[in-house]
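Below, each chain spelled out in residue letters.
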Amino acid sequence: MKQQKDDDHHHPKSLSAALGARRAGADVMLLERYGCFGGTITTVGMETLGWYRYEGTEDCEGIGREMERVAERMGGTTKWPYNDSDCLDAEKFKLVADNLIKETGVRPILHIWVVEVLINEDNQIYGVITESKSGRQAILADRVIDCTGDADVAHLAGCKYSILDVSQSLGVTTVFNAVNVDVSKFKDYTDRNPATYKDWSRTWSQTTSGKEEHLKSPYLDREFEKAAAAGVIPQDKIGSFGGSWSALSEAGEATNLNLVHKTGVDATCVRSLTDAEMEGRQNVMHALEALRHTVPGFENAKLRNFAMTVGTRDSRKIIGKYNLTGEDVCNQARFEDAVGIFPEFIDGYNILILPTTGRYFQVPYGCMLPSSGADNLLVAGRAVAGDRVSHAAMRNMMACTVTGQGAGVAAAVSLRHCTRVKDVDISDVQQELHRQGVRLS
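Residues numbered from 1 in each chain as written. Predicted model: local features only at pLDDT ≥ 70, side-chain atom pairs only at ≥ 80, totals over all residues. Heavy atoms only, no water.

Description of the overall build of the protein chain
Along the backbone of the protein chain there are twelve helices and 23 strands. For a compact globule of 441 residues, the expected C-alpha radius of gyration is about 22 Å, and the protein chain comes in at 21 Å, within 12% of that figure. Summarising its shape, the C-alpha atoms of the protein chain cover approximately 65 × 50 × 40 Å along the three principal directions. Per-residue burial for the protein chain yields a buried fraction of 60% across its 441 residues. The contacts in the protein chain between residues at least 6 apart in sequence include a share of 74% that link residues at least 24 apart. (Helix = DSSP H or I, 4+ residues; strand = E, 2+ residues; numbered from the N terminus. Rg over C-alpha atoms; globule rule 2.2 N^0.38 Å. Buried < 20%, exposed > 50% of the residue type's maximum accessible area, 1.4 Å probe, protein only. Contact = heavy atoms within 4.5 Å.)

Section: the sheet that holds strand β21 (residues 351-353)
Spatially, β13-β21-β20 is the arrangement adopted by the three strands of the open sheet, whose pairing is mixed. Each of the sheet's edge strands pairs with one partner strand only, and the pair in question is β13 (207-208) and β20 (346-348). Relative to β21, β20 runs antiparallel, the two being bridged by three bridges. The partner of D347 across the bridge, within β21, is L352. (Pairing = 2+ DSSP bridges.)

Details of helix α7 (residues 222-229)
All buried positions along α7 are accounted for by E223, F224, A227 and A228. Down the axis of α7, the sector holding all buried residues measures 135°, keeping them to one side. Facing away from the buried surface of α7 by more than 90 degrees, the exposed residues are K226 and A229. Here the buried face of α7 lies against α6 (183-192), β14 (219-220), β15 (241-244), β16 (254-262) and α8 (270-294). (Arc of directions from axis to C-beta.)

Things to note about the packing of aromatic side chains
Enumeration according to the criterion identifies 16 aromatic pairs in this entry. Seen from their ring centres, F342 and F361 are 6.2 Å apart, and the 70° between their planes marks the pair as edge-to-face. Of this pair, F342 sits in strand β19 (residues 338-343) while F361 sits in strand β22 (residues 360-364), and the two are 19 residues apart along the sequence. Neither residue differs from the other here; F342 and F361 are each classed as buried. Ring pairing ties together the aromatic residues W51, Y52, Y54, W80, Y197, W200, Y219, F342, F345 and F361, which thus form one cluster. Directly above the ring of Y161 sits R316, whose terminal nitrogen or CZ lies 5.5 Å from the centroid. Directly above the aromatic system of Y360 lies the positively charged group of R439, at a separation of 5.4 Å from the ring centroid. (Phe/Tyr/Trp six-rings, centres within 6.5 Å; stacked < 30°, edge-to-face > 60°. Lys NZ or Arg CZ within 6 Å of the ring centre and 35° of its normal.)

Some thoughts on the layout of surface pockets
Here the second largest pocket defines a volume of roughly 370 Å³. Around the second largest pocket sit 28 residues that line it, and E47, D89, A90, T255 and R304 are the ones nearest its centre. Of all the secondary structure elements, the ones that give two or more residues to the lining of the second largest pocket are α2 (40-43), β3 (77-79), β4 (86-88), α4 (90-104), β12 (176-179) and β17 (302-306). Here the lining of the second largest pocket is composed, by residue class, of eleven nonpolar, eleven polar and six charged. (1 Å grid on protein atoms, 1.4 Å probe; cavity = no way out; pocket = protein on both sides within 12 Å on 5 of 7 lines; lining within 4 Å. Points joined across faces, edges and corners; volume = space filled by probe spheres on them. Nonpolar A, V, L, I, M, F, W, Y, C, P; charged D, E, K, R; others polar.)

Quick look at the side chain of T255
Tracing the chain through its elements places T255 in strand β16. In terms of polar contacts, T255 uses its side chain to reach the side chain of E47, at 3.0 Å. Those residues within four positions of T255 in sequence are excluded, and the remaining contacts are E47, F176, N177, S246, A247 and R304. (Polar contact = N/O pair within 3.5 Å; in protein donor to acceptor, adjacent residues only side chain to side chain.)

Details of α8
The first and last C-alpha atoms of α8 sit 35 Å apart over 25 residues, in line with the 36 Å expected at 1.5 Å per residue. Restricting attention to buried positions, one finds in α8 the residues S272, L273, A276, E277, G280, N283, V284, A287, L288, A290, L291 and T294. (Expected span 1.5 Å × (residues − 1).)

Brief notes about unusual backbone geometry
The residue N350 is not glycine, and still its phi comes out positive at about 65°. With respect to the helices, strands and loops of the structure, N350 is situated in the loop between β20 and β21. Of note, the phi angle at C418 is positive, near 55°, even though the residue is not glycine. Mapped onto the elements, C418 comes out in the loop between α11 (397-416) and α12 (426-435). What makes C418 exposed here is its relative accessible area of 71%.

Concerning the sheet that holds strand β8 (residues 135-140)
Spatially, β6-β7-β8 is the arrangement adopted by the three strands of the open sheet, whose pairing is antiparallel. Unpaired on one side and paired on the other, β6 (112-119) and β8 mark the two borders of the sheet. Each strand of the sheet is rotated relative to its neighbour by a mean of 25°, with strand direction disregarded. By the bridge criterion, six bridges tie strand β7 (residues 125-132) to β8 in an arrangement that is antiparallel. Each residue of the ladder has a partner; that of V128, found in β8, is I139. (Axes fitted to C-alpha atoms, helices over the stretch in contact; angles between N-to-C directions.)

Thoughts on the packing of α11 against α12
Two elements in contact, α11 and α12, have axes whose closest approach is 9 Å; the angle formed by their N-to-C orientations is 120°. Between α11 and α12, the angle falls in the class oblique. As for how α11 packs across α12, the hand of that crossing is right-handed. Touching Q405, G406, V409, A410, V413 and R416 of α11 are D428, V429, E432 and L433, all from α12. Here the contact of α11 with α12 is built from residues that sort into five nonpolar, two polar and three charged. (Parallel < 35°, antiparallel > 145°, perpendicular 65-115°, else oblique. Left-handed = near helix turned anticlockwise from the far one by under 90°.)

Concerning the packing of helix α3 (residues 63-73) against α11
Direction vectors running N to C along α3 and α11 enclose 120°, while the axes themselves pass 8 Å from each other. In terms of orientation, α3 and α11 fall into the oblique class. Mapping the contact onto sequence places I63, G64, R65 and E68 in α3 and M398, T401 and Q405 in α11. When the residues that make up the contact of α3 with α11 are grouped by side-chain class, the tally is two nonpolar, three polar and two charged.

Some thoughts on the environment of I346
When you line up the elements, I346 lands in strand β20. A relative accessible area of 0% means that I346 is categorised as buried. Separated by 87 residues in the primary sequence, I346 and L259 place their C-alpha atoms 20 Å from one another. What I346 contacts, discounting residues up to four positions off in sequence, is V329, C330, I351, L352, I353, V389, A392 and A393.

And the structure:
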């Protein structure tokens with residue numbers, strides 16, 4: 001069995017898929033385009049799997065939560081500013097991922113990219129063609145899981161999918177980290193000038209349930225308006241700035257600065273991505289200059305590093321055996337083929353709902369099963385089937401670990417029972433997920 005993960009816009013779903021499958025008894029090969037595992041955490045620099053975890057949250061359990069606990073044991077976490085969520089040290093998480101892979105016996109390959117799929121006369125996928133420094137090679141597999149985030153493998157396998165026009169898609173972000181920050185001075189500034197989720201509406205016109213608007217948020221936007229008014233940054237760039245800060249260290253580091261964004265980017269087009277990468281880096285320098293002039297504590301801040309890649313939020317979504325809906329994620333949907341749960345957390349397309357009420361929905365196996373194309377292929381992560389509102393829930397990193405582990409276990413169980421992934425007995429899958437500590441209800 002092979003776990004596929006080769007695209008540059010992904011979450012730690014592939015890690016959860018590989019670990020889930022291996023712990024269920026499968027021989028697993030994990031492929032990664034970059035030189036490290038960890039997905040969006042390690043390549044984009046997004047350090048919070050569960051920043052939504054305000055008081056009252058009924059959260060999932062499984063490999064995603066395990067990653068947080070392992071990182072904490074290894075000294076790779078700090079507390080998120082305004083609730084009990086953990087900020088993961090993105091650099092140390094590379095070691096967390098390495099250790100989890102080695103401990104479970106997953107076979108890893110870095111610096112490799114899938115370029116074609118192998119399909120037999122019975123329309124069953126039986127491997128992939130890869131490109132790497134080692135040349136063009138075939139890797140044979142009884143099951144393949146697409147964790148690319150952009151449904152790249154499903155696309156190659158002829159699966160039907162939907163994709164939004166770039167005018168409607170979510171923007172991309174160039175995350176960056178800064179050093180030489182006077183952390184005490186900055187904290188004093190944010191204490192005296194607290195922001196809430198209501199303030200997000202100044203940058204993104206958004207809908208909430210009302211309960212979110214009073215909650216404190218690590219948010220900056222007016223500072224960029226002041227910088228533009230003072231001529232520090234270009235006035236025509238003001239729409240590119242605004243967002244959240246995250247972890248602060250005693251060494252004067254401010255990491256996971258999610259302050260620079262760009263709309264109208266096609267995450268399946270290399271020219272569009274190239275423009276976004278280059279413009280994003282330029283705008284990071286504008287953002288830093290603005291912070292130096294308007295934010296106490298950042299007067300002497302310097303760039304530590306850019307993220308390895310822009311963070312993207314949507315592209316292809318498969319048409320599945322079941323397509324999740326906004327009604328499902330906003331009304332505590334229950335499914336007989338559930339592979340996990342996720343709290344009522346919706347963030348995207350101008351909607352923000354935080355899970356402070358204890359409400360949650362079950363994640364169905366059917367949303368990971370393509371309705372067409374090659375058999376014995378599963379899709380995990382943000383490319384699972386669903387509409388825009390359900391995507392605003394399922395795109396989040398912790399939700400991606402739920403579908404990743406569910407897909408990995410389902411693939412392994414189908415192999416154990418010599419059945420196709422679309423015919424696997426869901427009760428057997430659920431039994432193995434329960435054994436692995438996944439919360440199903």
